[in-house]
Amino acid sequence: MNRVTADMPPKPLSVIHQGLAERLLSIHGDIKDDDGLAALSRVAIALYDERTDILKTFIHSSEGISPLDHSSATLANLPTLKHLAETGERRVINDLEAVAATGQEHAARLVSFGYRASFTLPIRSKDWFFGFLFLNSMEKDFFTPQVVHRLRPYAELIAQVVMRELDLVRMMQSAVRIIRQVSTVRDEETGAHLARMARYARLIAIKLADRHQLSDEFIEYLFQFTPLHDVGKISVPDNILFKPGKLDPHEYEIMKGHVGRGLEIIDLMADDFGMQSMAYFSVLRNVIAYHHEALDGSGYPHGLRGREIPLEARIAAVADVFDALTSDRPYKKAWSNQAAIDLLVDQSGTKFDPDCVAALIQCEAEIAEIQSRFEETVFD
């Protein structure tokens, strides 16, 4: 088996920015080659986060600039879409300008980019709501009953491709949760910690998106994968994992071994689930392998420096440390947000990526909302 090992260098973002978006581009091209459907100008997917009721942009194939990159909204504030999500009904709007004139923000933005008609379909599997498929045209009255009928097999294909990919991610997440639950070695990282950390990572990535040309697809996979960053800690004995004082050199070496063990676990799971070919699987491996590295080379296990550390790992490191500092642990009390930020700023440029730290600092209100929603409970 040609498995990538922990000792191999991380792949640059230019290599891993592939995945569902490329498949969507291909399907969109096939649709436009179909007689009578050439005016379909945009195909886009938005995903739903049921824990926060947030609908967020994911992938798209658009003629020209995408009108809605890095956008999110609460589904409760979108009553028409909420109705579609609950009922499974579809929506055709053949005059977006008229809707935009009523003050509907997303319709107005689409119109400003030249779109004049839309067709919206909820993506569901049994009782699970994944999000929405949006189809747009720059031609008013494009979505006639005949066009909608001809688009149906394409829409079903797109939905199946998206659901299959996301099901693989959820399968891996579920497997990791089960490993933690049945392991005789308890994990110090609660469900609330992992939920907060994933959302801090997403906040940072969105702030850095324009500078680093991060797609919504990359940001979503980073969000999905960061909770798996320390899966290897299930192999660390309790007396080391929960030690209240500083680890001695031997204990520290054992602790550092959780990185390699985490990669072994994920690779074994990937073999079983057939995930090796997933384009963003390298993002998961990079987060696990390198989130304990430091910019000055003092991190572990490889002592990487600066931009040798993949961006996704630099983002995960800031998100992880911030939440670890602001959370109660068996060996410490929670720090205040400001105290945690002060430490990150103090070690910015040496331990932590300055851009990632600066991005998190800009999200004070969002951080407070995340902490309020995902408080520790007795069930964590």
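This text goes with the structure placed above it.
It should be emphasised that the depicted structure is a prediction, and the values quoted were computed from it without experimental measurement.

Caption draft 1: Spatial organisation of the packing of helix H7 (residues 191–212) against helix H13 (residues 311–325). Viewed as axis vectors pointing N to C, H7 and H13 meet at an angle of 135°, and their least axial separation amounts to 8 Å. Accordingly, the angle class assigned to the pair H7 and H13 is oblique. Where H7 crosses over H13, the handedness of that crossing is right-handed. Two secondary-structure elements touch here, H7 through His193, Arg196, Met197, Tyr200, Ala201, Ile204, Ala205, Leu208 and His212 and H13 through Leu311, Ile315, Ala316, Val318, Ala319, Asp320, Phe322, Asp323 and Ala324. Across the contact of H7 with H13, the residue classes break down as 13 nonpolar, 2 polar and 3 charged.

Caption draft 2: Quick look at the environment of alanine 159. Residue placement: alanine 159 occurs in helix H6 (residues 145–182). Among the residues examined, alanine 159 registers a relative accessible area of 14% and is labelled buried. A C-alpha to C-alpha distance of 9.2 Å links alanine 159 and phenylalanine 130, two positions 29 residues apart in sequence.

Caption draft 3: Highlighting the packing of aromatic side chains. Applying the stated criterion across every chain, the model contains 12 aromatic pairs. Pairing phenylalanine 218 with tyrosine 280 gives two aromatic rings, centres 6.4 Å apart and planes at 50°, and the pair type is tilted. Taken as a pair, phenylalanine 218 in helix H8 (residues 216–225) and tyrosine 280 in the loop between helix H11 (258–273) and helix H12 (281–290) lie far apart in primary sequence, 62 residues in all. Each member of the pair phenylalanine 218 and tyrosine 280 is classed as buried. An angle of 35° between the planes, with centres 5.7 Å apart, marks the rings of tyrosine 221 and phenylalanine 225 as tilted. Taken together, the positions of tyrosine 221 and phenylalanine 225, both in helix H8 and 4 residues apart, correspond to about one turn of that helix. Put simply, the rings of Phe58, Phe218, Tyr221, Phe225 and Tyr280 touch in pairs and so form one group of aromatic residues. Taking NZ or CZ as reference, lysine 56 lies 3.8 Å from the ring centre of phenylalanine 223, over its face.

Caption draft 4: Structural context of unusual backbone geometry. Going from tyrosine 300 to proline 301, the amide bond is cis rather than trans, its omega being 5°. With respect to the secondary-structure elements, proline 301 resides in the loop between H12 and H13. Not every positive phi belongs to a glycine, and aspartate 53 is a case in point at roughly 60°. Within the fold, aspartate 53 resides in the loop between strand E1 (40–49) and strand E2 (54–62). Located in the positive-phi region is histidine 70, a residue other than glycine, with phi close to 55°.

Caption draft 5: Expanded view of the pattern of salt bridges. Counted according to the given criterion, the structure contains 18 salt bridges. Taking the shortest distance from any N to any O, the salt bridge between lysine 82 and glutamate 86 comes out at 3.3 Å. A residue pair is termed a helical-turn pair when its members lie 3 or 4 positions apart in one helix, as lysine 82 and glutamate 86 do in helix H3 (residues 79–87) at 4 residues. Taking relative accessible area as the criterion, lysine 82 reaches 31% and is therefore assigned partly exposed. Residue classification places glutamate 86 among the exposed residues on the basis of a relative accessible area of 55%. The salt bridge involving glutamate 156 is made with arginine 152; its shortest N-O contact spans 3.1 Å. Note that glutamate 156 and arginine 152 are positioned in helix H6 at a spacing of 4 residues, about one turn of the helix. Look at arginine 152 and you get partly exposed, because its relative accessible area is 46%.

The rules behind the values
- Residues numbered from 1 in each chain as written.
- Predicted model: local features only at pLDDT ≥ 70, side-chain atom pairs only at ≥ 80, totals over all residues.
- Heavy atoms only, no water.
- Axes fitted to C-alpha atoms, helices over the stretch in contact; angles between N-to-C directions.
- Helix = DSSP H or I, 4+ residues; strand = E, 2+ residues; numbered from the N terminus.
- Parallel < 35°, antiparallel > 145°, perpendicular 65-115°, else oblique.
- Left-handed = near helix turned anticlockwise from the far one by under 90°.
- Contact = heavy atoms within 4.5 Å.
- Nonpolar A, V, L, I, M, F, W, Y, C, P; charged D, E, K, R; others polar.
- Buried < 20%, exposed > 50% of the residue type's maximum accessible area, 1.4 Å probe, protein only.
- Phe/Tyr/Trp six-rings, centres within 6.5 Å; stacked < 30°, edge-to-face > 60°.
- Lys NZ or Arg CZ within 6 Å of the ring centre and 35° of its normal.
- Salt bridge = Lys/Arg side-chain N within 4 Å of Asp/Glu carboxyl O.

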